[in-house]
Amino acid sequence: RSPLSSSSAASDVYKRQTGEDIAQALRAMPGRKAAGIDCWTVAELRRLAPEARDSLAALLNRAEEEGGLPTGLSGAKVVFISKGKGKKVLSQRPIGILPMLYRLWARVRLRHVELTGKVGAMDYEYGGVKGRSALDACWESALEAELEGRKPDGGLSTVLLDLSKCYERIPLEVLARRTVEAGWPRRVVAVAISQYAAVRWVTVAGATAPGGRATHGMIAGCALAVKFLGAFLRAPSTGHWAWTWRT
């Protein structure tokens, strides 16, 4: 059975979104964010009346019941931006311009998950976790080794993995399974995976390739992506692990 099957999804217990949740998320979102492919902007959504925000919350709740947003609110435009190393293709990184309503939904759900503590960081996870940087991983690894009396002849080494280009290689089917196993509500996972698998238009040097659907790859620009990456990379519970990832 699929980890996202409707019968399993019905067992999820989590807070339904409300108009106030929408308002709080909009206040936290940067106002200068690019408009989504649905043409909405943060400024426009902030001007919605309370009744309209309630209706929007109802729409997003219904999307979770249906397993994804309507076709007109699905998909992404993938553009390439410089990483500060020139304008060559390999010196740029892709970022997805998602529908603004999806971005809003992801913000609300990320906040709900963080507040409930339903999905917490493992003790080996660093980077993408508040208060845990790559430097923290190095110092804590060294301290733990010293306290446990480990004194290897060649000294102590800490390996940090830079996974800034791994998003596009992640199989969505495996991602869905691992996020559910990590404790993410199935309905939340279903909406996100549906969005990742929807049509993408890739724009390079002013040219846009015909839209196509995906079986691999999270979309950089999704508020849930870093947390989902953590679930995908969860290490075995035994041994000494300290992970960091940068996106």
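These numbers come from a predicted model, not from an experiment. (Residues numbered from 1 in each chain as written. Predicted model: local features only at pLDDT ≥ 70, side-chain atom pairs only at ≥ 80, totals over all residues. Heavy atoms only, no water.)

Draft legend 1. Seen up close, the environment of threonine 18. Along the chain, the position of threonine 18 falls in the loop between α1 (6-9) and α2 (19-28). Separated by 38 residues in sequence, threonine 18 and leucine 56 have C-alpha atoms that sit 8.5 Å apart. (Helix = DSSP H or I, 4+ residues; strand = E, 2+ residues; numbered from the N terminus.)

Draft legend 2. Representation of the environment of glutamate 173 within the structure. Relative to the elements of secondary structure, glutamate 173 occurs in helix α7 (residues 172-181). With relative accessibility at 65%, the residue glutamate 173 sits in the exposed group. (Buried < 20%, exposed > 50% of the residue type's maximum accessible area, 1.4 Å probe, protein only.)

Draft legend 3. Layout of the pairing of strand β1 (residues 76-82). Pairing analysis gives four bridges linking β1 to strand β4 (residues 200-204), with the strands arranged parallel. Directly across from valine 78, in β4, lies its bridge partner valine 202. Here six bridges tie β1 to strand β2 (residues 92-97), and the two strands are oriented antiparallel to one another. Along β2, the bridge assignment pairs serine 82 with glutamine 92. (Pairing = 2+ DSSP bridges.)

Draft legend 4. Inspection of the packing of aromatic side chains at higher detail. By the definition in use, this model includes two aromatic pairs. Arranged with centres 5.3 Å apart and planes meeting at 40 degrees, the rings of tyrosine 102 and tryptophan 105 form a pair that is tilted. Residue tyrosine 102 and its partner tryptophan 105 are located together in helix α5 (residues 100-116), separated by three residues, close to a single helical turn. The exposure classification of tyrosine 102 matches that of tryptophan 105, with both residues buried. Arranged with centres 5.1 Å apart and planes meeting at 80 degrees, the rings of tryptophan 184 and phenylalanine 228 form a pair that is edge-to-face. (Phe/Tyr/Trp six-rings, centres within 6.5 Å; stacked < 30°, edge-to-face > 60°.)

Draft legend 5. Looking closely at the sheet that holds β2. Judged by pairing direction, the sheet is mixed, and its four strands sit side by side in the order β2-β1-β4-β5 without closing on themselves. At either margin of the open sheet sits one strand with a lone partner, and together these are β2 and β5 (207-208).

Draft legend 6. Structural detail: the pattern of salt bridges. Under the definition given, this model contains five salt bridges. Among the salt bridges present, the one from arginine 16 reaches glutamate 65, with a minimum N-O distance of 3.2 Å. Of this pair, arginine 16 sits in the loop between α1 and α2 while glutamate 65 sits in helix α4 (residues 50-66), and the two are 49 residues apart along the sequence. Between arginine 62 and glutamate 66 there is a salt bridge, and its shortest N-O distance comes to 2.9 Å. (Salt bridge = Lys/Arg side-chain N within 4 Å of Asp/Glu carboxyl O.)

Draft legend 7. Examining the packing of α2 against α5 more closely. Contact geometry of α2 with α5 gives a least axis separation of 9 Å together with a crossing angle of 105 degrees. Put simply, α2 runs roughly perpendicular to α5. Packed against α2, whose contacting residues are Asp21, Ile22, Gln24, Ala25, Leu26 and Ala28, the element α5 presents Leu104, Arg107, Val108, Arg111 and His112 at the interface. Considering only residue class, the contact of α2 with α5 consists of six nonpolar, two polar and three charged. (Axes fitted to C-alpha atoms, helices over the stretch in contact; angles between N-to-C directions. Parallel < 35°, antiparallel > 145°, perpendicular 65-115°, else oblique. Contact = heavy atoms within 4.5 Å. Nonpolar A, V, L, I, M, F, W, Y, C, P; charged D, E, K, R; others polar.)

Draft legend 8. Inspection of helix α8 (residues 186-197) at higher detail. With twelve residues, α8 should cover 16 Å at 1.5 Å per step; its first-to-last C-alpha distance of 16 Å lies within 8% of that length. Those residues of α8 lying buried are Val188, Val189, Ala190, Val191, Ala192, Ile193, Gln195 and Tyr196. Buried residues along α8 sit in contact with α4, α5, α7, β4 and α9 (225-232). (Expected span 1.5 Å × (residues − 1).)

Draft legend 9. The nonpolar core, seen in detail. Counting residues in each nonpolar core, the largest one holds 51 residues, and the members touching the most others are Tyr102, Trp105, Leu175, Trp184, Tyr196, Leu224 and Phe228. Only α2, α3 (42-46), α4, α5, α7, α8 and α9 provide two or more residues apiece to this core. For this core, the element with the highest residue contribution is α5, accounting for nine residues. Those residues in contact with leucine 224, other than ones at most four positions away along the chain, are Trp105, Ala106, Leu110, Trp184, Val188, Ala192 and Tyr196. (Core = buried A, V, L, I, M, F, W, Y, C linked by side-chain atoms within 4.5 Å.)

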